[in-house]
Amino acid sequence: MQNNLISELIPVLLIVTNLLLLGSSRMRACITLVAAQGIVLGLIPVLLEGQQFSVTAWFLAIVSITLKGIIFPMLLVRTLRETGTRKEVEPFVGFTLSLLIGVGFVIFSMWIASRMSLPAQTPIAALMTRAGLATLLIGLFVIVSRRKALNQVLGYIVMENGIFAFGAALVADMPTLVELGVLLDAFVAVFIMSIAAHQISREFDHIDVDQLNTLKG
Amino acid sequence: MDVTRFIPLAIALLAAPLLFGIINRTKAFFAGRRGSPLLQLYFDIAKLMRKGVTYSNTTTWVFRAGPVLVLSATIVAVAFVPMGGIPAISPFPGDILLFAYLLAMTRFMTIIAALDTGSSFEGMGASREAFFSALAEPALLLGVSTLVYVSGQTSLSGIFASVNPAVWGNYGPALALVAIALGAVLLVECSRIPIDDPNTHLELTMIHEVMILDNSGPDLGIIEYASSLKLWAFGSLIVGLAVPVRSGILIVDCATFLVGMLVLAVLVGTIESTMGRLRLTNVPRLISGAIASAVLAWALILR
Amino acid sequence: MGTGWELWVLLTASVAASVASLLLRTPRQILRLVSVGGAAWSLLAILISLQVFICGPVSTAFSWLRVDSLSAYQLVVLALVYGASSIFANGYFLHEESHGKFGLHAARRFAALWFGSAAAMSLVLLSNNLGLMWVGIEATTLLTGFLITIHSTPLSLEAMWKYLLVCSVGVAFAFVGTLLVGASAQKIGLESNEMLMWTSLSTAAPLLNPGLMKLAFIFLIVGYGTKAGLAPMHSWLPDAHSQAPAPVSALFSGAMLNTALYCIMRYLPLVEGATGYQGWGMQLLLIFGLISIMVAAGFIIFQHDGKRLLAYHSVEHMGIIALGLGLGPIGAFAALWHTLNHALCKSLSFFAIGRLGQAYGSHSLDRIAGAARRVPLWGMAFLFSIIILIGVAPFAIFMSEFAILRAAISQASYVALGIFLLGTGVVFISALKHALDSGYGKEVAEPSPVRTSGLDYAVVGVGLAMLLALGVWMPGPMRDILEGAARIIGGAR
């Protein structure tokens, strides 16, 4: 990766948006943060190529920014509005504790990434792998620690972002088809989960996943 | 003894109350008012010095000693703070800890003086102040320790002397995070919105103001002056970090530093005007964010 | 040999059928399309597999699609389950339609998703590109998720949500694993379009970085293992199986779980090659397999719902297959054989419990007590299939479990052997009790009549006969096929 300062900002922004997400108590703020994260990551293909102008890189960048920055938030906000859920995040784990656990995850992924012999070409790529790993763990944590189904979808998007960052740092030129496959997968997954959330709210009158606990044993 | 070493302390002692004036002017600007004069705090302190002092029957010598001790500790602490690249009077390795603990001592003095009055309001304010400051201390020390690591120095003057554009080029994002953490610490320690509202008149909502409720006359003047010095001290940390101008020319460094302090004061005023005060139970979240910032900065530096 | 056009036909035919089902007018027409189309598709798949068995691997699309004997074998298993389930679905949903519970909307949704799932699952089996394989698995997750909620009841929605979330997280983990494999391929200088090709990776396996591959395999086993139903990632399984309609549950247990384990089978030789054939990957599989067996055994004791019972059986048997894969070449042979046997038997059980559920109005084992007397065909089928499932000789499952036993002894893994025997023993006792109670126990409820057509008798009869035949006799060609597939898992190309 080129452009030291700008490229270094991306993993930092990634981690900062994650931590802000963990501390946010408003659903709209969470959705905006995840969208911002997606836009920041969408710039990665462009920065990877460095000085050369590459059509595929720009195409990928535009597609992923549109998808993650515009379409996902629209879908999620629409689901939020139509299911009539309350606009607060209702977590199992309190915000302050979540924040500290998130910091713990960042430290953990920095440590564990240095133990793995990852083929990161540059220091920026190394930082990106750590950021990606931290994002993956934080996304997983959001899925587990939040009550609302919509929050779980956000956590899933954050996981996908982490994987995207991790992959971009690790494999310098992923076959474009596979990269598009990831984007398509994320899009379809979010779309389908929104539909599912719709169905759930229609049937149950809420999307509080904590109450979906009838099936046991 | 180099005359230039007295400059940081002299300017601090002279200009600190001006900061409050700038902040209040900014807030008035946002509110569409003209606001009080920039030198208002000087006039207030002068007025208070001329007045007589009243002591409650329930207080002891602790209450009387409080303001004086606070002022002296604050002045000594400020004496170690450099002005950007210009070193302080007599820096020594480790004076960063002395600085932190002198400020902690002022906090302690304020708290026990408040408790000494026996007023329940002041006790409540004291406990809140103790809680939030205890939370903010890790953020302060973590942030400052990153600077120690980056510069390799343990003296405040040494640290800030070595923060130049090259260091920013190397550690940009990390230092930005440290600045954010220190900014949050400033808001907590100096009792600004979103932690505490300095203009509130409702005792139940006060944190810092309520502790000095029973002080009057010169005591109150001393305390107001000391709090402006404290704001100057924390502000210097941030400006010293954020404005990496180390040209070596006295006038240039001085001027850029003062401009930086001005910008910082305007920034604090803006934050106060645009943000609402946080619910008391949500303040730990903000401080955890500051701690997270500092830890993240560490992680980035250690990478 | 040949251009591989038949692979394209397989994929596009199912997509075409999926679209066609949206255009039909009545549920009956749609169901007819499902049964006939499904059977025809399965026939095509079996023919392709036969071609591969006789003539060798078939590849097309610049080697992005490739069928060797391992994929062909799994394709046969998929085809058998899919075909039988399609035929069964006709009768099953006709019953619901005649009671007004299966409208046009539901029928279209079911058929479109049914054919789509076939396309997705075959894509997984057909692809040579590991990234494409992953895309297929993700597609199966998303498509089959909505198959669970053909009837939008609160419980089925709950099951679907859990399924979608847990499996999506698992598939995301699998993607990280795929990325790491790609990274290690890049490290040894493979071209960017060869990086994720299984064939190139398989030849280059000894050159791959062992540390990276180990880490990748951990992610892959957790990720694909979630979809395969290995414990402790199996939490979605009982809910999804119990809430989905019977044909869908059969597809899950008989086809989809196998497809996910197939992905792990593809990665196993890569990891083994990279780590010097010391059995690290196999050890990991062994551990997951044993955990699955024990967890399943524990839950089976307390089951009251017939479908959940079968779901936990699936967890157990997937554990057995994983265990077999972890026990060397003999174990791999046994595991593959067990795949077929389990798929056939489990589908049959789900058919039976599904119909019994329609007759009695509930899947609860207590309610369907005495089924063998009152609803003879399906009651007996249920009873028999469970008896076969728990490993009664001389049926097929007993034989394949015995083969795994032999593999364990040959590897001197006596601890694994002990745990395996303990687990299957517990399952034997508790499941037998459940089965006998449900078959011949004291009757509690009155079943409503269920139409049994000749086709149903045929399905049950053929199924039971096959399970008996596979138990007593393994034809020579089949042995060769299994050995060839096992060799691929062991590291051959």
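Each value, and the rule that gives it
Residues numbered from 1 in each chain as written. Chains lettered and ligands numbered in written order. Predicted model: local features only at pLDDT ≥ 70, side-chain atom pairs only at ≥ 80, totals over all residues. Heavy atoms only, no water. Helix = DSSP H or I, 4+ residues; strand = E, 2+ residues; numbered from the N terminus. Rg over C-alpha atoms; globule rule 2.2 N^0.38 Å. Buried < 20%, exposed > 50% of the residue type's maximum accessible area, 1.4 Å probe, protein only. Areas by Shrake-Rupley, 256 points an atom, 1.4 Å probe, with all protein chains shown as cover. Contact = heavy atoms within 4.5 Å. Phe/Tyr/Trp six-rings, centres within 6.5 Å; stacked < 30°, edge-to-face > 60°. Buried area = accessible area lost by both parts, 1.4 Å probe. Salt bridge = Lys/Arg side-chain N within 4 Å of Asp/Glu carboxyl O. Polar contact = N/O pair within 3.5 Å; in protein donor to acceptor, adjacent residues only side chain to side chain. Patch = residues over 30% accessible without salt bridge, like charges linked within 9 Å, V, L, I, M, F, W, Y side chains within 5 Å. Expected span 1.5 Å × (residues − 1). Core = buried A, V, L, I, M, F, W, Y, C linked by side-chain atoms within 4.5 Å. Domains from an automatic or database assignment. pLDDT = per-residue confidence, 0-100. 1 Å grid on protein atoms, 1.4 Å probe; cavity = no way out; pocket = protein on both sides within 12 Å on 5 of 7 lines; lining within 4 Å. Points joined across faces, edges and corners; volume = space filled by probe spheres on them. Nonpolar A, V, L, I, M, F, W, Y, C, P; charged D, E, K, R; others polar.

## Things to note about the overall build of chain B
- Scanning chain B from N- to C-terminus turns up ten helices and zero strands.
- Listing the helices and strands of chain B from first to last along the sequence gives α-α-α-α-α-α-α-α-α-α.
- By the compact-globule yardstick of 19 Å for 303 residues, chain B fits well, its C-alpha radius of gyration being 19 Å.
- In terms of principal-axis extent, the alpha carbons of chain B reach across some 55 × 45 × 40 Å.

## Some remarks on the overall build of chain A
- A tally of helices and strands in chain A yields eight helices and zero strands.
- Taken across its 217 residues, chain A has 61% of its residues classed as buried.
- Counting every atom, chain A has about 8,500 Å² of accessible surface; 65% of that belongs to carbon and sulfur.

## Let's talk about the arrangement of the chains
- The pair of protein chains exhibiting the most contacts, out of two pairs of chains in contact, is chains A and C.
- There is a gap between chain B and chain C: no contact, and a shortest C-alpha distance of 20 Å.

## Considerations on the packing of aromatic side chains
All names here are of chain C.
- In this structure the tally under the stated criterion is 27 aromatic pairs over all chains.
- Here Phe 88 and Tyr 92 contribute two aromatic rings whose centre-to-centre distance is 5.6 Å and whose plane-to-plane angle is 35°, an arrangement assigned as tilted. With Phe 88 and Tyr 92 both in helix 3 (residues 69–98), this residue pair falls four residues apart, about one helical turn.
- The exposure class assigned to Phe 88 is buried, which follows from its relative accessible area of 2%.
- Residue Tyr 92 is classed as buried on the basis of its relative accessible area, which comes to 4%.
- The interplanar angle of 85° and the centroid separation of 6.3 Å between the aromatic rings of Trp 236 and Phe 252 together place this pair among those described as edge-to-face. Taken as a pair, Trp 236 in helix 9 (residues 236–243) and Phe 252 in helix 10 (residues 246–274) lie far apart in primary sequence, 16 residues in all. As far as burial versus exposure is concerned, Trp 236 and Phe 252 are alike and both buried.
- One aromatic cluster is present, formed by Trp 41, Tyr 82, Phe 88, Tyr 92, Phe 93, Phe 102, Phe 110, Trp 114, Phe 351 and Trp 378 through successive ring pairs.

## Considerations on the interface of chain B and chain A
- Taken together, the contacts link 15 residues of chain B with 19 residues of chain A.
- Together chain B and chain A conceal approximately 1,500 Å² of surface at their shared face, both sides included; 77% is due to carbon and sulfur atoms.
- Taken together, chain B and chain A are joined by zero salt bridges.
- For the pair chain B and chain A, the number of links is one residue pair in polar contact (both at pLDDT 80 or more).
- Where the side of chain B that touches chain A is concerned, the elements lending two or more residues are helix 7 (165–189) and helix 10 (283–302) of chain B.

## Quick notes on a nonpolar patch on the surface
All names here are of chain B.
- A grouping of Ile 249, Leu 250, Ile 251 and Val 252 is seen on the molecular surface, where their side chains present a nonpolar patch of about 340 Å² in accessible area.
- Structurally, Leu 250 is set in helix 9 (residues 250–274).
- Since its relative accessible area comes to 31%, Leu 250 is described here as partly exposed.

## Some details on the pattern of salt bridges
Residues and elements named next belong to chain B.
- Considering all chains together, one arrives at 15 salt bridges over all chains under this definition.
- The residue Glu 137 makes a salt bridge to Arg 107 at a minimum N-O spacing of 3.8 Å. Here the residue Glu 137 occupies a position in helix 5 (residues 120–151), and Arg 107 occupies one in helix 4 (residues 95–116), the gap between them amounting to 30 residues.
- The class of Glu 137 is partly exposed, set by a relative accessible area of 22%.
- Overall, the relative accessible area of 12% leaves Arg 107 in the buried class.

## Let's talk about unusual backbone geometry
- Residue Pro 194 of chain B is reached from Ile 193 of chain B by a cis peptide bond, and omega for that bond is 10°.
- If you trace the backbone, Pro 194 of chain B turns up in the loop between helix 7 and helix 8 (217–242).
- With an omega of 0°, the peptide bond between Ala 231 of chain C and Pro 232 of chain C qualifies as cis.
- Among the secondary structure elements, Pro 232 of chain C is positioned in the loop between helix 8 (210–228) and helix 9.

## Considering the side chain of Ser 293 of chain B
Residue and element names in this part refer to chain B.
- Structurally, Ser 293 can be placed in helix 10.
- Looking at Ser 293, the relative accessible area reads 11%, which means it is buried.
- Ignoring any residue separated from it by four or fewer positions in sequence, one finds Ser 293 in contact with Leu 177, Ile 180 and Ala 181.

## Topic: helix 8 of chain C
Residue and element names in this part refer to chain C.
- Between its terminal C-alpha atoms helix 8 stretches 25 Å, which fits the 27 Å expected from 19 residues at 1.5 Å a residue.
- Most of helix 8 is tucked away: 14 of the 19 residues are buried.
- One side-chain oxygen at the N-terminal end of helix 8 lies 2.8 Å from the backbone nitrogen of Gly 211; it belongs to Asn 209.
- Backbone geometry just downstream of helix 8 places Gly 229 in the positive-phi region, at approximately 85°.

## As for the nonpolar core
- In this structure, Phe 110, Leu 180, Tyr 224 and Trp 378 of chain C are the most contacted members of the largest nonpolar core, which totals 342 residues.
- For this core, the element with the highest residue contribution is helix 6 (residues 154–187) of chain C, accounting for 20 residues.
- A domain split of this core shows at least three residues from each of domain 1 (1–128) and domain 2 (146–489) of chain C.
- Residue contacts for Phe 110 of chain C: discarding those within four places in its chain leaves Val 34, Ala 89, Phe 93, Phe 102, Leu 147, Ile 150 and Val 248 of chain C.
- Counting residues in hydrophobic clusters, the runner-up holds six residues, among them Ile 111, Ala 114, Ala 126 and Met 206 of chain B.

## Focus: the side chain of Arg 66 of chain C
Residues and elements named next belong to chain C.
- Along the polypeptide, Arg 66 turns up in strand 2 (residues 65–67).
- Arg 66 sits in the buried class, given a relative accessible area of 11%.
- Of note is the side chain of Arg 66, whose polar atom sits 3.4 Å from the side chain of Asp 68.

## Focus: helix 6 of chain C
- The end-to-end C-alpha distance of helix 6 of chain C is 49 Å, a good match for the 50 Å that 34 residues give at a rise of 1.5 Å each.
- At the exit of helix 6 of chain C stands Gly 189 of chain C, carrying a positive phi of roughly 90°.

## Description of the confidence of the model for chain B
- Within chain B, residue pLDDT values average 90, and 99% of them lie at 70 or more.
- Predicted complex metrics record ipTM = 0.84 and pTM = 0.83.

## Some thoughts on the layout of surface pockets
- Here the largest pocket defines a volume of roughly 1,200 Å³.
- Among the elements of the structure, helix 1 (4–23) of chain A together with helix 7, helix 8, helix 9 and helix 10 of chain B are those that each provide at least two residues to the lining of the largest pocket.
- Partitioning the lining of the largest pocket into residue classes produces 33 nonpolar, eight polar and two charged.
- Space inside the second largest pocket adds up to approximately 770 Å³.
- Phe 20, Glu 209, Ile 212, Glu 224 and Ser 227 of chain B are the residues nearest the centre of the second largest pocket, which is lined by 34 residues in total.
- When contributions to the lining of the second largest pocket are tallied by element, the ones reaching two or more residues are helix 1 (6–31), helix 2 (40–50), helix 3 (61–79), helix 4 and helix 8 of chain B.
- Top element by residues in the lining of the second largest pocket is helix 8 of chain B. It accounts for seven residues.

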